[in-house]
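# Observations on the three-dimensional arrangement
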Amino acid sequence: MKLIDYKEGQFNSQADPYVLKADNGKYYMYVTGCDGVHAYEATSLCGEYTDIGVVFSLADKKEYWAPAVTIINGKYYMYVSCMPTCSDDVHQQAMHVALSDTPNGPFVNAKQIIEPFSIDAHVVENEAGLFIFYSVNDYEAERAGTYVVVDKMSDPFTPCGNPTPVVRPTLDEEIFMKNRFKQGQHWHTLEGAFYFNEGDWHYLIYSGNCYQNEYYYLGYAVAKTAERDLTKIKFTKYPNENTYCPLISKNHFEAGTGHNSVIKDNGAWYAVYHGRDLVPDKRLTGDDRTARICRLELDGEKLTAIRFEDKI
């Protein structure tokens, strides 16, 4: 179901939606923007979201990808990658963090915390400390491309600098582009990691491929353990690394489905992801990805996405 529908005069795209329930009881959605991070506000998870505009930008940066906001000690930390305005190389994307006293910003005191290429953060705090999931590139792997790592953080501004691989490309359906950088080397992509757990079951949902391609999808990796140090958990793709088994992918009413956040609301789990109408809305221009929502059912290692076109 679309979480935000088209409205004349609003920022049209909600790529890479990250939803957070703030300390004030309201819900905030942060999305990718070329001119800065755009945000929306609602009084309920599936309520009407109000466009509150750009909540973070820097004078010398552009292409603010996949913002994620985490509450730590009552403060709001935004993790987002961006690149220099003078560059056309997206592989100059680097992870930054900015701080705000409120969920609707402005987010300030920005600091680059990881060198390029680093995108799509999800920061998690648990009993073992603070951890950051993000994606990096490997040009020399058998399946070269973008993959997911996790690192521990000594504080919200400082990764420890020992990223551990979490999930790597293993499938032809994860090929972003054939012969991308050199002939015979196909470029794969796993990105947009979001971690959550229910007891000793640990889940990591990720996007594979490219949102403009047929096989673009949300898949996940899973582990069952009492371990809480997320750098020590061995995740396994579901059902295995050799099987293309989307959690969410193109269906009869939407395509380009991927890059999600997960939220537990009133005891139920939901995935918020971007997608495109299967028959594109001709009123939209440029990037027409819009925020969608569906319920998630958890049954041990198995996740199921319950998707409807017009209801949750």
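For the structure, check the block above.
Residues numbered from 1 in each chain as written. Predicted model: local features only at pLDDT ≥ 70, side-chain atom pairs only at ≥ 80, totals over all residues. Heavy atoms only, no water.

## Some details on the overall build of the chain
- Across its full length, the chain holds zero helices and 23 strands.
- Over its C-alpha trace the chain gives a radius of gyration of 18 Å, about what one expects of a compact globule, namely 20 Å for 312 residues.
- If you line up the chain on its principal axes, its C-alpha atoms span 45 × 45 × 45 Å.
- Sequence-distant contacts, at least 24 apart, represent 50% of the contacts inside the chain between residues at least 6 apart.
- On the chain, roughly 13500 Å² of surface is accessible, and the fraction owed to carbon and sulfur atoms is 45%.
- One finds the centroid of the 30 positive side-chain charges in the chain at a distance of 2 Å from the centroid of its 43 negative side-chain charges. (Helix = DSSP H or I, 4+ residues; strand = E, 2+ residues; numbered from the N terminus. Rg over C-alpha atoms; globule rule 2.2 N^0.38 Å. Contact = heavy atoms within 4.5 Å. Areas by Shrake-Rupley, 256 points an atom, 1.4 Å probe, with all protein chains shown as cover. Lys, Arg positive; Asp, Glu negative; His and termini not counted. Charge placed at Lys NZ, Arg CZ, Asp CG, Glu CD.)

## So, the side chain of serine 87
- Examined against the element boundaries, serine 87 turns out to sit in the loop between β6 (75-84) and β7 (94-100).
- Polar side-chain contacts of serine 87 include one of 3.0 Å to the backbone nitrogen of aspartate 89.
- If we ignore the near neighbours within four places in the chain, the residues touching serine 87 are Lys62 and Gln92. (Polar contact = N/O pair within 3.5 Å; in protein donor to acceptor, adjacent residues only side chain to side chain.)

## Thoughts on the environment of asparagine 240
- Tracing the backbone through its elements, the reader meets asparagine 240 in the loop between β18 (236-237) and β19 (248-249).
- As a C-alpha pair, asparagine 240 and threonine 170 span 70 residues in sequence and 9.7 Å in three-dimensional space.
- A polar contact is formed between the side chain of asparagine 240 and the side chain of threonine 243, at a distance of 2.8 Å.

## Brief notes about the pattern of salt bridges
- Scanning the model with the defined rule gives 16 salt bridges in all.
- For glutamate 127, the salt bridge goes to arginine 228, with nearest N and O atoms at 3.8 Å. Of this pair, glutamate 127 sits in the loop between β9 (119-126) and β10 (129-138) while arginine 228 sits in the loop between β17 (217-224) and β18, and the two are 101 residues apart along the sequence.
- Residue arginine 228 is classed as buried on the basis of its relative accessible area, which comes to 19%.
- Measuring nitrogen to oxygen at the nearest pair gives 3.4 Å for the salt bridge that ties aspartate 200 to arginine 228. Residue aspartate 200 is found in the loop between β15 (185-198) and β16 (201-208), and its partner arginine 228 is found in the loop between β17 and β18; the two are separated by 28 residues along the sequence.
- Classification of aspartate 200 by relative accessible area gives partly exposed; the value is 33%.
- Bridged by salt links that share partners, the residues Lys2, Glu254, Asp277, Arg292 and Arg307 form one connected network. (Salt bridge = Lys/Arg side-chain N within 4 Å of Asp/Glu carboxyl O. Buried < 20%, exposed > 50% of the residue type's maximum accessible area, 1.4 Å probe, protein only.)

## A few points about the nonpolar core
- By size, the foremost hydrophobic cluster in this structure holds 36 residues, and its most contacted members are Tyr30, Met78, Phe107, Phe196, Ile205 and Leu296.
- Setting aside residues no more than four positions away along its own chain, phenylalanine 196 makes contact with Trp201, His202, Tyr203, Ile205, Val262, Trp269, Leu296, Leu298 and Leu303.
- Core analysis: the next-biggest nonpolar cluster, separate from the first, contains 19 residues, Phe133, Val148, Tyr206 and Ala223 among them. (Core = buried A, V, L, I, M, F, W, Y, C linked by side-chain atoms within 4.5 Å.)

## Notes on the pairing of strand β3 (residues 37-42)
- Extensive coverage of β3 is indicated by the burial of six of its six residues.
- Taking every second residue as pointing to the same face, both faces of β3 are buried, with Val37, Ala39 and Glu41 on one and His38, Tyr40 and Ala42 on the other.
- Examined bridge by bridge, strand β2 (residues 27-31) and β3 share five bridges and lie antiparallel to one another. For tyrosine 27, the partnering residue across the bridge sits in β3 and is alanine 42.
- In this sheet, strand β4 (residues 50-56) lies alongside β3 in antiparallel orientation, the contact comprising five bridges. In the strand pairing of β4, glutamate 41 is matched with threonine 50. (Pairing = 2+ DSSP bridges.)

## With respect to unusual backbone geometry
- Looking along the chain, the bond that leaves glycine 105 and enters proline 106 is cis, with omega of 5°.
- For proline 106, the position within the fold is in the loop between β7 and β8 (108-112).
- Residue phenylalanine 117 is bonded to the preceding proline 116 through a cis peptide linkage, with omega at 0°.
- Along the chain, phenylalanine 117 turns up in the loop between β8 and β9.
- Within the chain, glutamate 63 stands out as a residue other than glycine whose phi angle is a positive 55°.
- Mapped onto the secondary structure, glutamate 63 falls in strand β5 (residues 61-72).
- Residue classification places glutamate 63 among the partly exposed positions, given a relative accessible area of 28%.
- With phi around 55°, asparagine 266 is a residue other than glycine that occupies positive phi space.
- On the secondary structure map, asparagine 266 appears in the loop between β20 (254-265) and β21 (268-277).

## Some words on the sheet that holds strand β1 (residues 18-21)
- One open sheet holds the four strands; their spatial order is β1-β2-β3-β4, and the pairing between them is antiparallel. With one partner strand each, in any of the chains shown, β1 and β4 form the two edges of the open sheet. Averaged over all pairs of adjacent strands, the angle between strand axes in this sheet comes to 25°, irrespective of strand direction.
- One ladder, built from four bridges, connects β1 with β2; its direction is antiparallel. Residue leucine 20 lies in a different strand from β2, and its bridge partner there is tyrosine 28. (Axes fitted to C-alpha atoms, helices over the stretch in contact; angles between N-to-C directions.)

In short, shape yes, function no, at least from these values alone.
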